[in-house]
Amino acid sequence: MRKFLGIFSIILVLVLVIFFYWRFYYVFGEGVKAGELNYMVKKGYVFKTYEGKLIQSGLRSKTPGTVASYEFEFSVEDDSVANVLMLNSGKVFELHYKEYLGTIPWRGHSKYVVDKIINMKEE
């Protein structure tokens, strides 16, 4: 019985570790978004994270007769990338991001995490 409980415990821990990695650290998708940086802030109660919003050019509507803008909300882990974004609000950026399946408090509030700036220009 002890041997069974030991093996069962090891398998359970292994399954939980794999699930945690898959849910919070596995990169589900990568891509590039371009648009005007609306804001970049550092906020949080316990874990201070960088959060931003990019307004993409173009309009879309979910229902006929209405207009909505593209908005891309994201988090930033790297302090140097976040500082460049904070100092250049209102400029047009091309940002490379990674998409995760879940969020963790010390990484940010969004499942989209910007890891580098590809291009920056005046509008």
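Since the model is a prediction, treat every value here as computed from it, not as a measurement. (Residues numbered from 1 in each chain as written. Predicted model: local features only at pLDDT ≥ 70, side-chain atom pairs only at ≥ 80, totals over all residues. Heavy atoms only, no water.)

*Asks:* What should I look at first to understand the pattern of salt bridges in this one?
*Replies:* Any two side chains of opposite charge can pair if their charged atoms end up close together. For the coordinates displayed, the defined rule picks out five salt bridges. For Glu 71, the salt bridge identified is with Lys 53, shortest N-O distance 3.5 Å. Of this pair, Glu 71 sits in strand S3 (residues 68-76) while Lys 53 sits in strand S2 (residues 49-60); the two residues are 18 residues apart in sequence, bridging distant segments of the chain. Its relative accessible area of 13% is what places Lys 53 among the buried residues. Its salt-bridge partner being Lys 53, residue Glu 73 comes within 3.7 Å of it at the nearest N-O pair. With Glu 73 in strand S3 and Lys 53 in strand S2, this residue pair connects regions lying 20 residues apart in the sequence. A residue is classified by how much of its surface remains accessible, and Glu 73, at 44% relative accessible area, is partly exposed. What you see here is one network of salt bridges that share partners, running through Lys 53, Glu 71 and Glu 73. (Salt bridge = Lys/Arg side-chain N within 4 Å of Asp/Glu carboxyl O. Helix = DSSP H or I, 4+ residues; strand = E, 2+ residues; numbered from the N terminus. Buried < 20%, exposed > 50% of the residue type's maximum accessible area, 1.4 Å probe, protein only.)

*Asks:* Whenever I open this one, the UniProt feature "transmembrane region" (unreviewed entry) in the protein confuses me. Can you help?
*Replies:* As recorded in UniProt, the feature "transmembrane region" (unreviewed entry) lies at residues 6-24. The distance from the first to the last C-alpha atom of residues 6-24 is 27 Å, and the span holds 100% helix and 0% strand. (UniProt positions renumbered as here; feature names shortened; annotations may be inferred.)

*Asks:* Please clarify how the packing of aromatic side chains should be interpreted in this entry.
*Replies:* For any two aromatic rings, the description comes down to two numbers: the centre-to-centre distance and the angle of the planes. For the structure on display, the rule yields nine aromatic pairs. Measuring from ring centre to ring centre gives 5.1 Å for Phe 72 and Tyr 97, while their planes differ by 55°; the resulting arrangement is tilted. Here the residue Phe 72 occupies a position in strand S3, and Tyr 97 occupies one in strand S4 (residues 92-100), the gap between them amounting to 25 residues. Their ring planes at 80° and their centres at 5.7 Å tell us that Tyr 97 and Tyr 112 sit as a pair that is edge-to-face. Taken together, the residues Tyr 97 in strand S4 and Tyr 112 in strand S5 (residues 112-121) connect sequence positions 15 residues apart. Residue Tyr 112 is classed as partly exposed on the basis of its relative accessible area of 24%. Across from the ring centre of Tyr 25, 5.7 Å away, lies the NZ or CZ of Arg 107, which sits over that ring. Between the NZ or CZ atom of Arg 107 and the centre of the ring of Tyr 100, over which it lies, the distance is 3.8 Å. (Phe/Tyr/Trp six-rings, centres within 6.5 Å; stacked < 30°, edge-to-face > 60°. Lys NZ or Arg CZ within 6 Å of the ring centre and 35° of its normal.)

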